[in-house]
Amino acid sequence: MSGQANSSVTINLDGTNKSLTLPLLAGSIGPAVADIRKLYGNLGIFTYDPGYGETASCESKITYIDGDQGVLLYRGYPIEELAEHATFIEVAYLLLNGNLPNRAELAEFDQGVRRHTMLHEQLRRFFEGFRRDAHPMAVLCGVVGALSAFYHDSLDITNPEHRRISAFRLIAKVPTITAWAYKYAIGQPFVYPNNDLSYAENFLYMMNAVPAEPFKGSPVLSRAMDRILTLHADHEQNASTSTVRLAGSTGANPFACIAAGIASLWGPAHGGANEAVLKMLGEIGTVKAIPDFIARVKDRNSNVRLMGFGHRVYKNYDPRAKIMQRTCHEVLDELGIEDDPLLDLATELERIALQDDYFVSHKLYPNVDFYSGIILKAMGFPTSMFTALFAVARTVGWVSQWKEMIEDPLQRIGRPRQLYTGPLLRHYQPLEQRV
Ligand code: CMC
């Protein structure tokens, strides 16, 4: 572990003469971390932290978030600079390898991803096993997990070359699987990848091309897609990444681990929020209805949340949301949409919420999902595809975090403990003696 102990914290167990001094580990930035590994052995107690809000589950060098300041860094680089200047493939290299690539490294990496975009032809049949109205995340969970059955030549997680090839395969094939899930749902033929195209161009091509006419891509939309992928690429130890790490800690193969991450991303509190935002905007309907909706959100008994707002870590504006908002305007301009009622509604909703005492006092700001759905809808993606798109981007982060975990010499199976509040020891009674 590279975090140096520069201080300590002492725990005194009330009512006993026992105490323990725990080292406080310092990261390169961010709060110090109390190393509690000797806690149970010395004091016989565990820590309790439902939702892991105060727990560092691992050491990582990949992504840093300062939630109070609204800062997001990939390997030290601010998200704003990467979204503005880097391509998604450069970002993928950065997340996986630690530094931005030089020209030769980038060309080799890019080529490596492009060489793996095709799916095994046998995998086509998997899609046909699904109902046409299956949610694309259901298809993604199944087909990505099924990749484990196709690549026995790269499943030895102790072999660095296997890890490298699996990373390429996952990053290259998830867009193809996602596009094919969409094509299957709408009854169009699958479009095979075109490796002359960039990552984002190729994805848009597989999603939108049809054999009956030539496909004409738009550089502005490809750039927007590339930026959306960059913004979603990693976000430190969120629920789906922690799921990938936990599954991977058992030695499970990377395809199975990423399938687990996809399942975790699906929920509306996580990646499913982009879909939920559009549903919410549809339900609100008009600017006039916003105050009523806000009142429902504030009513503790209603269970209604302002989707696309709030974050476990950000207590300030999510930096990705600002870039999304800008990208949204660029995309609508490119598409010649001068007036988008959904954008008007979202802008007004944001304005009203940010002035409302409830949202101010709870430090609830727009997150990445607030504007992404509006852009994706304008680009022609059906709502059900939004979370799948998030999965395409996040695959890079998952794979990077999985690789970092496997290569960590301190890595061992993730196995949390619990606060047991169930029955005390009791003995089995035959059925006839139970009242
Ligand atoms: N609308 C209304 N109230 C909210 C919201 C919201 N969106 N988010 C949090 N709160 C309130 C919540 O009611 C609670 O209030 P109180 O303390 O008075 O009981 C307080 O804020 C803390 O909420 P929490 O649920 O304990 O906070 P959390 O850190 O567990 O939840 C969250 C974080 C993202 C799940 C939550 O903010 C939320 O449900 N947001 C809407 C869903 C969403 O947009 N998710 C996308 C997150 S960003 C992308 C990603 O991670 O995938």
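Residues numbered from 1 in each chain as written. Predicted model: local features only at pLDDT ≥ 70, side-chain atom pairs only at ≥ 80, totals over all residues. Heavy atoms only, no water.

Caption draft 1: Focus on the nonpolar core. Phe-127, Met-225, Met-280, Leu-281, Leu-349 and Phe-381 are the most contacted members of the largest nonpolar core, which has 120 residues in total. Ranked by the residues each element gives to this core, the list is headed by helix H18 (residues 386-406), at 13 residues. Contact partners of Phe-381, with chain neighbours within four places excluded, come to Phe-203, Leu-204, Met-207, Met-225, Leu-376, Phe-386 and Leu-389. (Core = buried A, V, L, I, M, F, W, Y, C linked by side-chain atoms within 4.5 Å. Buried < 20%, exposed > 50% of the residue type's maximum accessible area, 1.4 Å probe, protein only. Helix = DSSP H or I, 4+ residues; strand = E, 2+ residues; numbered from the N terminus. Contact = heavy atoms within 4.5 Å.)

Caption draft 2: A look at the site of the ligand. Neighbouring the ligand are 22 residues, the closest being His-270, Arg-300, Leu-306, Arg-312 and His-362. Here Leu-306 contributes a backbone N or O atom positioned 2.7 Å from a nitrogen atom of the ligand. In the model, a nitrogen atom of the ligand is placed 2.9 Å from a nitrogen or oxygen of the Phe-309 main chain. Bound to the protein, the ligand loses 75% of the 920 Å² it would expose on its own. When grouped by side-chain class, the residues that make up the shell around the ligand number 11 nonpolar, 7 polar and 4 charged. (Near = heavy atom within 4 Å. Polar contact = N/O pair within 3.5 Å; in protein donor to acceptor, adjacent residues only side chain to side chain. Areas by Shrake-Rupley, 256 points an atom, 1.4 Å probe, with all protein chains shown as cover. Nonpolar A, V, L, I, M, F, W, Y, C, P; charged D, E, K, R; others polar.)

Caption draft 3: Highlighting unusual backbone geometry. In this model, Glu-236 sits at a positive phi of 40°, which is unusual for a non-glycine residue. Assignment of secondary structure puts Glu-236 in the loop between helix H9 (219-231) and helix H10 (239-248). For Lys-363, which is not glycine, the phi torsion reads 55° and is therefore positive. On the basis of relative accessible area, Lys-363 is assigned to the partly exposed category, the value being 45%.

Caption draft 4: Geometry of the environment of Phe-293. Residue placement: Phe-293 occurs in helix H13 (residues 290-298). A relative accessible area of 7% means that Phe-293 is categorised as buried. Sequence spacing of Phe-293 and Met-280 is 13 residues, and the spatial spacing of their C-alpha atoms is 9.6 Å. In contact with Phe-293, not counting residues within four places along its chain, are Met-280, Ile-284, Val-304, Arg-305, Leu-306 and Leu-349.

Caption draft 5: Main features of the sheet that holds strand E5 (residues 71-74). Pairing in this open sheet of 3 strands is antiparallel, and the strands run E4-E5-E6 from one edge to the other. Edge positions in the sheet fall to strand E4 (63-66) and strand E6 (77-78), since each of these pairs with one other strand and no more. Of the pairings in the sheet, the one linking E4 to E5 comprises 4 bridges and is antiparallel in character. By the bridge assignment for E5, Ile-65 is matched with Leu-72. (Pairing = 2+ DSSP bridges.)

Caption draft 6: Layout of the pattern of salt bridges. For the structure shown, the criterion picks out 16 salt bridges. With a closest N to O distance of 3.3 Å, Arg-223 and Asp-226 form a salt bridge. Taken together, the residues span about one helical turn, with Arg-223 and Asp-226 both in helix H9 at a distance of 3 residues. Judged by relative accessible area, which is 27%, Arg-223 ranks as partly exposed. Here Lys-403 makes a salt bridge to Glu-407, at a shortest N to O gap of 3.6 Å. For Glu-407, a relative accessible area of 39% puts it in the partly exposed group. (Salt bridge = Lys/Arg side-chain N within 4 Å of Asp/Glu carboxyl O.)

Caption draft 7: Fine view of empty space enclosed by the protein. This model, assessed by the stated rule, comprises 2 cavities of 30 Å³ or more. Space inside the largest cavity adds up to approximately 90 Å³. As for the largest cavity, its lining consists of 14 residues, and the residues nearest its centre are Val-113, Thr-117, Ser-198, Tyr-199 and Asn-202. For the lining of the largest cavity, the secondary structure elements donating two or more residues are helix H4 (103-114), helix H7 (160-186) and helix H8 (199-208). Among the elements that line the lining of the largest cavity, the one with the most residues is H8, at 4 residues. Here the lining of the largest cavity is built from residues that sort into 8 nonpolar, 4 polar and 2 charged. Reported here for the second largest cavity is a volume of approximately 30 Å³. Among the elements of the structure, helix H17 (369-378) and H18 are those that each provide at least two residues to the lining of the second largest cavity. It is H18 that contributes the most residues to the lining of the second largest cavity, 3 residues altogether. (1 Å grid on protein atoms, 1.4 Å probe; cavity = no way out; pocket = protein on both sides within 12 Å on 5 of 7 lines; lining within 4 Å. Points joined across faces, edges and corners; volume = space filled by probe spheres on them.)

Caption draft 8: Summary view of the packing of helix H6 (residues 136-146) against helix H11 (residues 254-265). In the contact formed by H6 and H11, the axes pass within 8 Å of each other and the chain directions differ by 170°. Taken together, the axes of H6 and H11 lie roughly antiparallel to each other. Judged by the twist between their axes, the crossing of H6 over H11 is left-handed. Each of Met-137, Leu-140, Cys-141, Val-144 and Gly-145 in H6 lies in contact with H11, whose residues at this interface are Phe-255, Ile-258, Ala-259, Ile-262, Ala-263 and Leu-265. Among the residues making up the contact of H6 with H11, the classes are represented as 10 nonpolar, 1 polar and no charged. (Axes fitted to C-alpha atoms, helices over the stretch in contact; angles between N-to-C directions. Parallel < 35°, antiparallel > 145°, perpendicular 65-115°, else oblique. Left-handed = near helix turned anticlockwise from the far one by under 90°.)

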